[in-house]
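Listed below are the residues making up each chain.
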Amino acid sequence: MTMLKNVEANPETLNARMGITGRVRFEASALGGPVVVLEHPRGRATVALFGGQVIDWQPAGQAAVLWLSPAARLDAGQAVRGGVPVCWPWFGPPGRSLTEGMAGTWPQHGFARTATWQAVETGDSMAGPWVTLALTAPAMAGKGWPGKAEVRLTVVVGETLELRLVTRNLGSAPLVLTQALHAYFHVGDIEETRVEGLDGHVFHNAVALGPALAISSTLNSQIGAVTFAGEVDRIYLEQRGPVSIVDRRLGRRITMTKRGSASTVVWNPWRDKAGNLGDIGAEGYRRMVCVEAANTVYDAVTVPAGGTTELAAVYECGPA
Ligand code: TA6
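All values derive from a computational prediction rather than experimental measurement.

(A) Summary view of the sheet that holds strand 8 (residues 149–157). Taken in spatial order, the nine strands line up as 6-7-8-9-23-19-18-13-16 in an open sheet, and their pairing is antiparallel. Of all strands in the sheet, those with a lone pairing partner are strand 6 (118–125) and strand 16 (226–227), marking the two edges. Pairing analysis gives five bridges linking strand 18 (residues 243–247) to strand 19 (residues 252–259), with the strands arranged antiparallel. The residue bridging Ser244 from the neighbouring strand is Thr255, located in strand 19.

Here it is as structure tokens:
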């Protein structure tokens, strides 16, 4: 495998190498950084090289499906709230087993979301136009993390939006990974929104227990759909089936189908926490919900030396 040392971020150069007329275009975003725009008659998506983050997805004839913070900037070196942040190579604060006895910097949700990714390949397939971005081991040097790996994100847009996150362990020891495709969805009103597909699953309630740093034996059980009347921050365990956000106000249903993940995270910070976060905007919490395909401490993945693992999610949007 070739190692990428210098990230090429000039849209003109990238277009000359990988642009596809009418389908894949690199450009400078008004948010302050290079993005790649994927266009298909059934949908359009924008992916920022900063964070390897999808920041917009608009199926033809629909309002934006992803929520993006009004304060989002791609050139501030800060994690961008909204779209689909890639939490990698750990989810949340890293689990205790990873940090034990180790010095280093452990930013919440890993460092991929604040790194600039390299666009490595584009194409156009039956499913739609696609781009693959990569983040390589040298980009992570000196951060305290013991692993050596490359991660690639492929984004495909057509009838649906698909994200595939593939990690290759470049080290000689097994790599323990937690991660998430931390999607923020735009909803008409959180109080008129429910999340289906989680009935009967047990969950780690992070509002009561705090973030999942280790496996807890104090779990709750979901009965019926998830509804919102206050902060919700939960990891649903052994959850592999489709999950739908049913939005009565906008009259639509967004469905996530995933692979390589047994943890589904549902998050809405509600008013007070959103106020403290500072980048959600007044009443912004009412317009968003996170539903995330994840591997958490409950289903951490061990990648053997030289091996790969894939976390993938397909999103579709239709009438409720
Ligand atoms: O995925 C849910 C979560 O882990 C919550 O606990 C919450 O704090 C959140 O992600 C957002 O994290 P961030 O670092 O982006 O503010």
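So much for the structure itself; the text now carries on.
(B) Broad picture of the pairing of strand 23 (residues 308–319). In terms of strand pairing, strand 9 (residues 161–169) meets strand 23 through eight bridges, oriented antiparallel. In the sheet register, Arg168 faces strand 23, and the bridge partner there is Thr308. Where strand 19 meets strand 23, eight bridges bridge the pair, whose relative direction is antiparallel. The partner of Ile254 across the bridge, within strand 23, is Cys317.

(C) Representation of the layout of surface pockets in the model. One number sums up the size of the largest pocket: a volume of about 490 Å³. In terms of lining residues, the largest pocket is bounded by 24 residues, among which Gln108, His109, Asp233, Trp267 and Lys273 are the most central. Among the secondary structure elements, those contributing two or more residues to the lining of the largest pocket are strand 17 (232–236), strand 20 (263–268) and helix 4 (270–277). Among the elements that make up the lining of the largest pocket, the one with the highest residue count is strand 17 (three residues). Here the residues of the lining of the largest pocket are counted per class, giving twelve nonpolar, five polar and seven charged. Of the pockets and cavities examined, the second largest pocket occupies roughly 330 Å³. Considering the residues around the second largest pocket, the lining is formed by 25 residues, among which Ser97, Leu98, Leu175, Val176 and Leu177 are closest to the centre. For the lining of the second largest pocket, the secondary-structure elements that each account for two or more residues are helix 2 (96–99) and strand 10 (175–177). A class-by-class count of the residues in the lining of the second largest pocket yields 16 nonpolar, seven polar and two charged.

(D) Region of the structure containing the site of the ligand. Near the ligand the following residues occur: Arg81, Phe91, Gln108, His109, Arg113, His182, Asp233, Val265, Trp267, Lys273 and Glu292. Between an oxygen atom of the ligand and a side-chain N or O atom of Arg113, the distance comes to 2.9 Å. Between an oxygen atom of the ligand and a side-chain N or O atom of Asp233, the distance comes to 2.5 Å. Considered on its own, the ligand offers 400 Å² of accessible surface; in the complex 85% of this is hidden by protein. When atoms are counted within 2 Å of each cavity's grid points, the one that captures over half of the ligand is the largest pocket. Broken down by class, the residue content of the shell around the ligand amounts to three nonpolar, three polar and five charged.

(E) Quick look at the side chain of Arg234. Within the secondary structure, Arg234 is located in strand 17. Summary of buried charges: Arg234 has no salt-bridge partner, and the nearest side chain of opposite charge, Asp233, is 8.3 Å away. Side-chain polar atoms of Arg234 contact the side chain of Tyr236, separated by 3.0 Å.

(F) How the structure looks around the pairing of strand 20. Most of strand 20 sits inside the fold, with six of its six residues counted as buried. Taking every second residue as pointing to the same face, both faces of strand 20 are buried, with Ser263, Val265 and Trp267 on one and Thr264, Val266 and Asn268 on the other. In this structure, strand 17 lies alongside strand 20, joined through five bridges in antiparallel fashion. The residue bridging Ile235 from the neighbouring strand is Val265, located in strand 20. Strand direction decides the pairing type here: strand 20 and strand 21 (residues 288–295), joined by five bridges, are antiparallel. Across the sheet, the residue bridging to Trp267 is Cys290, located in strand 21.

(G) Structural detail: the environment of Ala229. Position of Ala229 among the secondary structure elements: in the loop between strand 16 and strand 17. When the C-alpha atoms of Ala229 and Gly278 are compared, they prove to be 21 Å apart, with 49 residues separating the residues in sequence.

(H) Highlighting the sheet that holds strand 4 (residues 53–59). The strand order 1-2-3-4 describes an open sheet built from four strands, whose pairing is antiparallel. The open sheet has two free edges, formed respectively by strand 1 (24–28) and strand 4, since each of these has just one partner strand. Ignoring which end each strand starts from, the neighbouring axes of this sheet average 20° apart. Strand direction decides the pairing type here: strand 1 and strand 2 (residues 34–40), joined by five bridges, are antiparallel. Bridging across to strand 2, Arg25 finds its partner in Val37.

(I) Summary view of empty space enclosed by the protein. In this structure the tally under the stated criterion is one cavity of 30 Å³ or more. The volume enclosed by the largest cavity comes to roughly 40 Å³. For the largest cavity, the full set of lining residues is Phe91, Pro93, Gly95, Thr178, Ala212, Ile235, Thr296 and Val297. The residue inventory of the lining of the largest cavity, partitioned by class, reads five nonpolar, three polar and no charged.

Thresholds applied
Residues numbered from 1 in each chain as written. Predicted model: local features only at pLDDT ≥ 70, side-chain atom pairs only at ≥ 80, totals over all residues. Heavy atoms only, no water. Pairing = 2+ DSSP bridges. Helix = DSSP H or I, 4+ residues; strand = E, 2+ residues; numbered from the N terminus. 1 Å grid on protein atoms, 1.4 Å probe; cavity = no way out; pocket = protein on both sides within 12 Å on 5 of 7 lines; lining within 4 Å. Points joined across faces, edges and corners; volume = space filled by probe spheres on them. Nonpolar A, V, L, I, M, F, W, Y, C, P; charged D, E, K, R; others polar. Near = heavy atom within 4 Å. Polar contact = N/O pair within 3.5 Å; in protein donor to acceptor, adjacent residues only side chain to side chain. Areas by Shrake-Rupley, 256 points an atom, 1.4 Å probe, with all protein chains shown as cover. Sits in = over half its atoms within 2 Å of the grid points. Buried < 20%, exposed > 50% of the residue type's maximum accessible area, 1.4 Å probe, protein only. Lys, Arg positive; Asp, Glu negative; His and termini not counted. Salt bridge = Lys/Arg side-chain N within 4 Å of Asp/Glu carboxyl O. Axes fitted to C-alpha atoms, helices over the stretch in contact; angles between N-to-C directions.

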